Amino acid sequence: MNPFSFKNFIIPSYLFYLLPLGLVTGPFLPDLFLSLIAILFLINCYFEKNFKFLKFKFSLIFLFFYSVILISSILSNNILFSLESSLFFLRYLFFSYGIYYLCKNRPETIDIFFKIVFSTVLLVVVDGYFEFIFGKNILGTSSPDPSRILSFFHAMIIGSFLSKTLPLIFIFLILTNKNTNYSNLIYFFIIAIYILIFLSGERSAFLHASIIFIFLSILIKQTRKLFFFTFSLILIIFTFLILTNEVIKNRMITSVYEGFQTKQVENTSYNDKIIIFSPVHDKFVRVSGEIFLDNKLIGSGPNTFRIVCSKYSNIKFNNNSACGTHPHNTYAQLLAETGSLGFAIVLSIFLYISYNLFKSVISMKHDQNTYFKVCLLTYFFIILFPFTPTGNLFNNWIGAIYFLPLGLFLTKFVKNE
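Owing to the predicted nature of the structure, the values given are computational and were not obtained by experimental measurement. (Residues numbered from 1 in each chain as written. Predicted model: local features only at pLDDT ≥ 70, side-chain atom pairs only at ≥ 80, totals over all residues. Heavy atoms only, no water.)

The next thing to look at is the overall build of the protein chain. When its secondary structure is counted, the protein chain shows 17 helices and zero strands. A compact globule built from 417 residues should have a C-alpha radius of gyration of about 22 Å, and the protein chain, at 22 Å, falls within 12% of that. If one aligns the C-alpha atoms of the protein chain with their principal axes, the spans along those axes are about 65 × 55 × 45 Å. Split into buried and exposed, the 417 residues of the protein chain put 54% on the buried side. Taking as baseline every contact in the protein chain between residues at least 6 positions apart, the subset at least 24 positions apart corresponds to 70%. With 32 positive and 19 negative side-chain charges, the protein chain shows a separation of 10 Å between the mean positions of the two kinds. (Helix = DSSP H or I, 4+ residues; strand = E, 2+ residues; numbered from the N terminus. Rg over C-alpha atoms; globule rule 2.2 N^0.38 Å. Buried < 20%, exposed > 50% of the residue type's maximum accessible area, 1.4 Å probe, protein only. Contact = heavy atoms within 4.5 Å. Lys, Arg positive; Asp, Glu negative; His and termini not counted. Charge placed at Lys NZ, Arg CZ, Asp CG, Glu CD.)

Now for the packing of aromatic side chains. Throughout the structure, instances matching the rule amount to 47 aromatic pairs. When the ring of F130 is compared with that of F134, the centres are 4.7 Å apart and the planes differ by 45°; the resulting orientation is tilted. Here F134 and F130 lie together in helix α6 (residues 108-134), a separation of four residues that amounts to about one turn. Given the relative accessible area of 58%, F134 is considered exposed. Geometrically, the ring pair formed by F227 and F228 is edge-to-face, given 5.3 Å between the ring centres and 65° between the ring planes. (Phe/Tyr/Trp six-rings, centres within 6.5 Å; stacked < 30°, edge-to-face > 60°.)

What follows covers the confidence of the model for the protein chain. The predicted model of the protein chain has a mean per-residue pLDDT of 89, with 92% of residues at 70 or higher. The low-confidence segment residues 267-271, where pLDDT is below 50, has 14 contacts with residues more than four positions distant or belonging to other chains. (pLDDT = per-residue confidence, 0-100.)

A few words on the state of the cysteines. Taken as a whole and assessed by the stated rule, the structure comprises one disulfide. Between the sulfur of C309 and that of C323 lies a disulfide, 2.3 Å long from S to S. In this structure, the disulfide formed by C309 and C323 twists by about 130° around the S-S bond and is classed as right-handed. Residue C309 is found in helix α13 (residues 305-317), and its partner C323 is found in the loop between α13 and α14 (330-362); the two are separated by 14 residues along the sequence. (Disulfide = S-S within 2.5 Å.)

Quick look at the structure:
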């Protein structure tokens, strides 16, 4: 038996199991794992002479978006740099169908995967609280920012990781709901995750986590009573932390309040009363808009904001204060880097997900399968949520965590034909 054959599922399954842990280490390992799954799947398709998945509806939508970003890179003024982000974006399609193929032929993969997700998150949560209490993580490393928690991560993204995996922990709870005491224990662990996200100092992650936590807690029957019982306690804990910890108060309350109080972005040639997210994020978004106006159809090229922003920032703000690696909002980035075409595709996907989530809730059946679907739809809803700052869409780590559960969704809820 060849362990590298996708058909034998040995290597692909272990690579999939390692993905959650890989996300904790940084962008390299998860991207390596998913790329290897994609390559093995393609090799398997070649030997089986079966590429029918390319005709599936999801594939056609993905390939349309891929064509847009590829053309955008080719027409960009920074072709080679932009192609580094767009050319291999196709690996996410093959990865997703690799997981689909794996789970269809080996259904136990799903249960094992969620156990590993839970174990990984448990490790991160224990380390996160350890760092909050003692100032250093288990490995002896401390965060360079006293208002943030680093944990094992390559950057201060523990809150982002936990908020995005929160729906998956709800799925793990659903899969283990035969034992009420065990399910209750997992729910209290979910509460611990939610509080740690608050402690992490990541405001966007906390907003996302709040939407997920409240929505799914009320929606899922077995967690509803616990939610109403514990929510007051959670509010008391947050109030206590804000009143007793000046760092948390400044990060999560004062800075937000001061941002909303700002009436004008400094060093600008205009006087706008509306500030988007914060004064800093406002500049990113407005410069993205300026880039879009010069590249309406196809954008400046994937991942080129960091290169072209200097020109537009100097025009609008008389300095480079609006420059960064990305605009810190998915839709602002899409407008600037992929134009109206890329923006319209992703916005349409978000609206479709929102519609299906709404439809699933309205016609709610309180069974494991429906809860599973709603949790995954919530996952996708949050990662494409337009109204908060986000990471770089073309970043390897972001790509890995965005596409992590897509193969599971295709396996269980998409009729591919």
